[in-house]
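# An overview of the molecular structure
One-letter residues, chain by chain:
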Amino acid sequence: MLNDEILLKIEKPARYIGGEVNSVMKDKEKVDIRFAMCFPDVYEIGMSHLGIQIIYDMLNRFEDTWCERVYSPWTDLDAVMRKENIPLFALESQDPVKEFDFLGITLQYEMCYTNILQVLELSGIPVWAKDRFGDDPIVIGGGPCSYNPEPIADFFDLFYIGEGETMYRRLLDLYKEMKTAGRSREEFLREAGKLPGIYCPSLYDVAYNEDGTIAAFAPRYGDVPATVSKEMVTELSDTYYPLKPVVPFIKVTQDRVVLEIMRGCIRGCRFCQAGQLYRPLRERDVKVLKDYALEMLKNTGYEEISLSSLSSSDYSQLPELIDYLMEECNRKKINISLPSLRIDAFSLDVMSKVQDVKKSSLTFAPEAGSQRLRDVINKGLTEEVILNGAREAFEGGWNKVKLYFMLGLPTETKEDIEGIAKLSNEIAKVYYEAVPKEKRQGRVQIVTSTSFFVPKPFTPFQWAQMSTKEEFLDKAYTVKEAVRNQLNQKSIKYNYHEADVTVLEGVFARGDRKISEVIYRAYKKGCLFDSWSEYFDNDLWLQAFEECGVSIDFYTTRARSENEIFPWDFISCGVSKEFLLREWKKALDETTSPNCRQACQGCGASSYCVGVCTEEKTGVSK
Amino acid sequence: MKLRIKFSKCGPMVFIGHLDMMRYFQKAMRRAEVDISYSSGFSPHQIMSFAAPLGVGIASKGEYMDIGVDSLTTSAQVKDALNRVMVEGVKIESVKLLPENAENAMSSVAAAKYTISFREAYAPDFDLFGQIDDYLAQKEIRVVKETKKGSKEIDLKPHIYEFSFDNEKQEVSLLVDASSSGNIKPVFVMEDYYRFCGRVAGEFDFIVTREDTFTNIGTDEKPDFVPLDYVGEDY
Ligand code: SF4
Ligand code: SF4
């Protein structure tokens, strides 16, 4: 453990002491495998993540394994550790990470990549996988960013592609078996690379064309699979779930019981990666969820519970679940924090019961400002639906609205962009129409936010050209101007962010192995905690790209041909490239696609034979 | 009905600050299924109040909080139920039922007793014992105390009730005012004493443990300090 003096000097020592409620202690002499599970960001962020709690719980249910947690030390402790040569340790045992068998790193967003290097370096583990040997921990990545692992492939021994519940047991058994048999690290990695869902970067060779695109990507050995298919839980009601999640002492971002109600999404918005990666939609049984909710509340003592999933309104048993939770929680004085729901009579009723209407706000995510562009991105939210929902809500007493849009979507025109301001204005207008003067609580407050669009792998927009920083900012100014020209401009607040980070995200999202050198250099120059605006230093990044001779535009603004081999093509997330290409062409054609409950689009995920793929279809109504 | 709960806090838990301890206990009440009372209103909160906040880094054998409950079981039941859900380093020492008219925990605090030892490599390089009597024999002990409103000069002397040094254990024992109006931090006294001895105390010299927190059942002139849970009863 860090000595008292250090703990007293640094900010929030509770980040580093472990010992939280439900954290798992084991006798290290009595386990075969020690697993350090890392979220490469500060404790408060990492502790808020459900995925880690799931894996932590699962691995600790294995008697032969002790899984412990590791987070990025904040900059204050980072400096102390470097100065005093203190190795990074896991929270539970406080033992150095370097002594562990595995270091698992979850990859939730691209901007954590330099923190991976921090964790490796502070642990005393060679940063480059090729430099590791013997007893160094096996460094394994997982999570959404591992669907294009190539920009960080050289830092990892293995990646786990897909949902963690299914393949870890086999991986650990293999590890134990080979370790007992005295086999080498290389031999283990070679065998691991043959397991379903496990990708071992060092077993593959990449050849490039002269223009920098990929000419070939192939395994080095005949017995290593050419395609790595994602692992997926087929029966969500019958798998691991952390009924005793670790409860932090300090306030963290997600400080409540989290109930994951389903995985996957039926909607197929064309910009959305999650909507494709986790196909097909699978629901968790409502009875199971009710039991989980009570048990988790009892085991943690939390005063709040929230539901987690993509597009929660699509959960078929939502009314039953929410009714149940409202009753139980009311009795137990527990708050329900609702996910963002489609605004309709049901959700407004629920919201009015669990939130203070005067303080809460309505959320709409039309994502694009015009119907034309919403058709391009396949966001089935019409202006009529939004305005009707808003009207109903205003009549019910709400007067705050949050709107989310994206800028830089494929085919976007000036009219589409100005449409953002117009739609905001229309909503304000509805308020003044719907609510008589004497009933108004001041002005309606509309907060319109835009983010910049980043084309992501495994989406129909993976072929799309991304905007430059200047274009992004121009678009934001256009919105700003347009808002100023609206009649109700005083009721509309417009927010947008800097574009530098977005550009980098664009590079990492569709990057290849050439990017790892850039990340390494940027880190060496001092880049760390890049997702924290106060630490993000764009100039250092630009220098790193320059020094490595890597062009940003190649990854962001470049047009990609239909038959280009993408760095992530060797991974199968269940959705075929043909399907994505079909959707890309439909997008350019401004044609929408029905959702998975209406009609199957033959995306390929039905090969898993579960969830929504096996449901009868309703057909497209209207 | 009000219960007074005494707990101790040691080990790494000393790094958990006062507000986080309150949050910790709110959750613990739910885990232990204590029938705690709630305030009314849109977002009800538990009826719970703490006696004297403890600084980060300080261990304690005598912390107190009062809670309201809607039904009574027994002292032992509540104590065991809570101890079953505690983390290592926090222990429930006693649970007492307060008489109807009892003053709340916070306002009944009069004094706290501390033991102060020295962090390794920071032991005093002078005879610490030697000058305590001289120090206390001063007519006044004028010091500048920093408060939220700025600094002011006060006389420390009436706020120090006991100050002694155990040579064998190399430990200082200090009983000082801990009331909300005159709370004295133990390190503050040590720093001033070091100054008196012509020394400068370092930031990390002392390991402080609060031994107990007291209320005064005597008078201001003739105080009679008893632990805070003295006023309650087992039930
Ligand atoms: S509704 Fe659209 S944006 Fe939301 S998760 Fe589903 S596909 Fe993605
Ligand atoms: S196969 Fe059909 S139903 Fe299944 S996820 Fe794909 S589009 Fe949806």
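Quick note: structure is the one above.
Residues numbered from 1 in each chain as written. Chains lettered and ligands numbered in written order. Predicted model: local features only at pLDDT ≥ 70, side-chain atom pairs only at ≥ 80, totals over all residues. Heavy atoms only, no water.

Another aspect to go through is the overall build of chain B. Secondary structure summary: chain B contains five helices and 11 strands in total. In summary, chain B has a C-alpha radius of gyration of 19 Å against a globular reference of 18 Å for 235 residues, a match within 12%. Counting every position in chain B, which comprises 235 residues, the buried fraction comes to 49%. When the accessible area of chain B is evaluated, it comes to approximately 11,800 Å², of which 49% is carbon and sulfur surface. Across chain B, the 28 positively charged side chains and the 37 negatively charged ones have centroids separated by 4 Å. (Helix = DSSP H or I, 4+ residues; strand = E, 2+ residues; numbered from the N terminus. Rg over C-alpha atoms; globule rule 2.2 N^0.38 Å. Buried < 20%, exposed > 50% of the residue type's maximum accessible area, 1.4 Å probe, protein only. Areas by Shrake-Rupley, 256 points an atom, 1.4 Å probe, with all protein chains shown as cover. Lys, Arg positive; Asp, Glu negative; His and termini not counted. Charge placed at Lys NZ, Arg CZ, Asp CG, Glu CD.)

On to the sheet that holds strand E14 (residues 335-337) of chain A, then. The strands making up a sheet are joined through hydrogen bonds of the backbone, oriented either antiparallel or parallel. Residue and element names in this part refer to chain A. Across the sheet, three strands lie side by side as E10-E13-E14; this open sheet has parallel pairing. Each edge of the open sheet carries a strand with a single partner, namely strand E10 (257-260) and E14. Across the sheet, the axes of successive neighbouring strands diverge by a mean angle of 25°, strand direction being ignored. Of the strands in this sheet, E10 and strand E13 (304-308) are in contact with helix H9 (residues 286-300), which crosses E10 at around 160°. (Pairing = 2+ DSSP bridges. Axes fitted to C-alpha atoms, helices over the stretch in contact; angles between N-to-C directions. Contact = heavy atoms within 4.5 Å.)

With that out of the way, let us pick up the pattern of salt bridges. Overall, the coordinates contain 75 salt bridges over all chains when judged by the stated rule. As a salt-bridge pair, Asp500 of chain A and Lys469 of chain A come within 2.9 Å of each other at their nearest N and O atoms. Within this pair, whereas Asp500 of chain A is found in helix H16 (residues 500-509), its partner Lys469 of chain A is found in helix H15 (residues 469-484), the two being separated by 31 residues in sequence. The exposure class assigned to Asp500 of chain A is buried, which follows from its relative accessible area of 14%. Of the charged contacts, one joins Asp234 of chain B and Lys96 of chain B as a salt bridge, the two residues approaching to 3.9 Å between their closest N and O atoms. A residue pair is termed long-range when its members are at least 10 positions apart, and Asp234 of chain B in the segment after strand E11 (225-227) and Lys96 of chain B in strand E4 (residues 90-97) qualify at 138 residues. Taking relative accessible area as the criterion, Asp234 of chain B reaches 55% and is therefore assigned exposed. Here the residues in one salt-bridge network are Glu163, Glu165, Glu260, Arg263, Arg282 and Arg284 of chain A, joined through shared partners. (Salt bridge = Lys/Arg side-chain N within 4 Å of Asp/Glu carboxyl O.)

With that settled, consider the site of ligand 1. With respect to spatial proximity, the complete set of residues near ligand 1 consists of Cys265, Arg267, Gly268, Cys269, Phe271, Cys272, Gly275, Leu310, Ser311 and Lys379 of chain A. By residue class, the composition of the shell around ligand 1 is five nonpolar, three polar and two charged. (Near = heavy atom within 4 Å. Nonpolar A, V, L, I, M, F, W, Y, C, P; charged D, E, K, R; others polar.)

The interface of chain A with chain B comprises 30 residues on the first partner and 21 residues on the second. Between chain A and chain B, roughly 2,300 Å² of surface is buried when both sides are summed, and carbon and sulfur atoms account for 65% of that area. Inspection of the chain A/chain B interface yields three salt bridges. The closest approach of N and O atoms between Asp4 of chain A and Arg119 of chain B, which form a salt bridge, is 2.8 Å. Elements supplying a minimum of two residues to the side of chain A that touches chain B: helix H1 (4-9) and H9 of chain A. Broken down by element, the residue count for the side of chain A that touches chain B peaks at five residues, all from H1 of chain A. Its residues placed into classes, the side of chain A that touches chain B shows 14 nonpolar, five polar and 11 charged. (Buried area = accessible area lost by both parts, 1.4 Å probe.)

Across the chain, the bulk of peptide bonds are trans and the bulk of non-glycine residues have phi less than zero. Residues and elements named next belong to chain A. Geometrically, the link from Arg279 to Pro280 is a cis peptide bond, its omega value of -10° lying close to zero. One can find Pro280 in the loop between helix H8 (274-277) and strand E12 (282-283). Residues other than glycine seldom take positive phi values, yet Gln94 does so here, at roughly 65°. Along the chain, Gln94 falls in the loop between helix H4 (75-84) and strand E3 (102-106).

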